[in-house]
Amino acid sequence: MTDKDYMRLAIEMARQGDCASKCSPIGCVLVLDGAVIAQAHNEVEHRCDPTAHAEILAMRQAGAHLRRSRFPGAVLYSTLQPCGMCSMASIWAGISRIVYGAERHQVHQMYFEDRDLDTVDFLRDAYKDDVQIEAGLLGEECAALYYGPQDDPPADEQANL
């Protein structure tokens, strides 16, 4: 399978999550040695757990599956640029590569922290030898899952503003 194939799996996970709850439709797939070891979608509202992001849930699944907490050599595919929590968890988990679809400028600001802090820039600067980051894979297809920068989402869906 290719990077695009894995990202399409992440997109499918995001769509499943969007149908299952009122959570932001974020999907994630974690791959190690060419095999999918975990896949998840955002379940923050469903679980009433602010840490139940797709990336965190995928890492939890991988840990349970592999019976360890670090995944060197693994690739994390996410439909949206990872937030600060998920980015740092990826570092702690030893993930070697992060590939994401939609970038900050393609989606509404509500999907990110409310300050002008781009955690991916932080990772690129502070952890450049630890993790490879690739942005924009199937970016337009991923961005279509979310409110756009000029959209006016309902107030009850705007968690970070």
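In this report, we go over the structure that sits alongside the text. (Residues numbered from 1 in each chain as written. Predicted model: local features only at pLDDT ≥ 70, side-chain atom pairs only at ≥ 80, totals over all residues. Heavy atoms only, no water.)

1. Brief notes about the overall build of the protein
Stage number 1. Looking only at helices and strands, the protein has 6 helices and 5 strands in total.
Stage number 2. Along its sequence from the N terminus, the protein presents helices and strands in the succession α-β-β-α-α-β-α-β-α-β-α.
Stage number 3. Put simply, of all contacts in the protein between residues at least 6 apart along the chain, 64% involve residues at least 24 apart. (Helix = DSSP H or I, 4+ residues; strand = E, 2+ residues; numbered from the N terminus. Contact = heavy atoms within 4.5 Å.)

2. A word on the sheet that holds strand 1 (residues 27-32)
Stage number 1. Ordered in space as 2-1-3-4-5, the 5 strands form an open sheet in which the pairing is mixed. Looking at the sheet topology across the chains shown, the edges are occupied by strand 2 (35-41) and strand 5 (132-135). Going from strand to strand, the sheet's axes swing by 15 degrees on average, the running direction of each strand aside.
Stage number 2. Two elements, strand 1 and strand 2, share 6 bridges in a ladder whose sense is antiparallel. Bridge pairing in strand 2 places L30 opposite A38.
Stage number 3. The strands touched by helix 3 (residues 54-66) are strand 1, strand 2 and strand 3 (75-80); relative to strand 2, the strand with the most contacts, the crossing angle is about 140 degrees. (Pairing = 2+ DSSP bridges. Axes fitted to C-alpha atoms, helices over the stretch in contact; angles between N-to-C directions.)

3. Here we look at the side chain of E55
Stage number 1. Relative to the elements of secondary structure, E55 occurs in helix 3.
Stage number 2. Of the side chains with opposite charge, R60 comes closest to the buried, unpaired E55, at an N-O distance of 11 Å.
Stage number 3. Sequence-distant contacts of E55, that is, excluding residues within four places in its chain, are made with I26, C28, L76, S78, L80, P82 and C86. (Buried < 20%, exposed > 50% of the residue type's maximum accessible area, 1.4 Å probe, protein only. Lys, Arg positive; Asp, Glu negative; His and termini not counted. Salt bridge = Lys/Arg side-chain N within 4 Å of Asp/Glu carboxyl O.)

4. Comments concerning helix 3
Stage number 1. Here helix 3 contains 13 residues, and its C-alpha end-to-end distance of 18 Å stays within 8% of the 18 Å for a straight helix at 1.5 Å per residue.
Stage number 2. Regarding helix 3, the residues found buried are A54, E55, I56, L57, A58, M59, A62 and G63.
Stage number 3. Structurally, helix 3 contributes buried residues whose contacts are with strand 1, strand 2, helix 2 (44-47), strand 3 and helix 4 (84-92).
Stage number 4. Looking one or two places after helix 3, you find R67, whose phi comes out positive at around 60 degrees. (Expected span 1.5 Å × (residues − 1).)

5. Remarks on the pattern of salt bridges
Stage number 1. Scanning the entire structure with this criterion turns up 4 salt bridges.
Stage number 2. Salt-bridge contacts for R47 lead to E43; the nearest nitrogen and oxygen are separated by 2.7 Å.
Stage number 3. Under the relative-accessibility criterion, R47 is labelled partly exposed at 45%.
Stage number 4. Exposure remark for E43: the relative accessible area of 16% places this residue in the buried category.
Stage number 5. Among the ionic pairs, D49 bridges to R60, the shortest N-O distance being 3.8 Å. Within this pair, whereas D49 is found in the loop between helix 2 and helix 3, its partner R60 is found in helix 3, the two being separated by 11 residues in sequence.
Stage number 6. Three or more residues are tied together by salt bridges with common partners; here these are D3, R97 and E134.

6. A short note on the environment of H41
Stage number 1. Looking at the secondary structure, you find H41 in strand 2.
Stage number 2. Taking the relative accessible area as the measure of exposure, H41 reaches 12% and is therefore buried.
Stage number 3. Look past the residues within four positions of H41 in its chain and what remains in contact with it is M13, A14, Q16, G17, I26, G27, A54 and L57.

7. Section: the nonpolar core
Stage number 1. With 51 residues, the main nonpolar core has M7, L30, M59, F71, Y77, I95 and Y146 as its most contacted residues.
Stage number 2. The leading source of residues in this core is helix 3, at 6 residues.
Stage number 3. If near-sequence neighbours (up to four positions away) are discounted, I95 is found in contact with L30, M59, F71, A74, L76, S90, D130 and V131. (Core = buried A, V, L, I, M, F, W, Y, C linked by side-chain atoms within 4.5 Å.)

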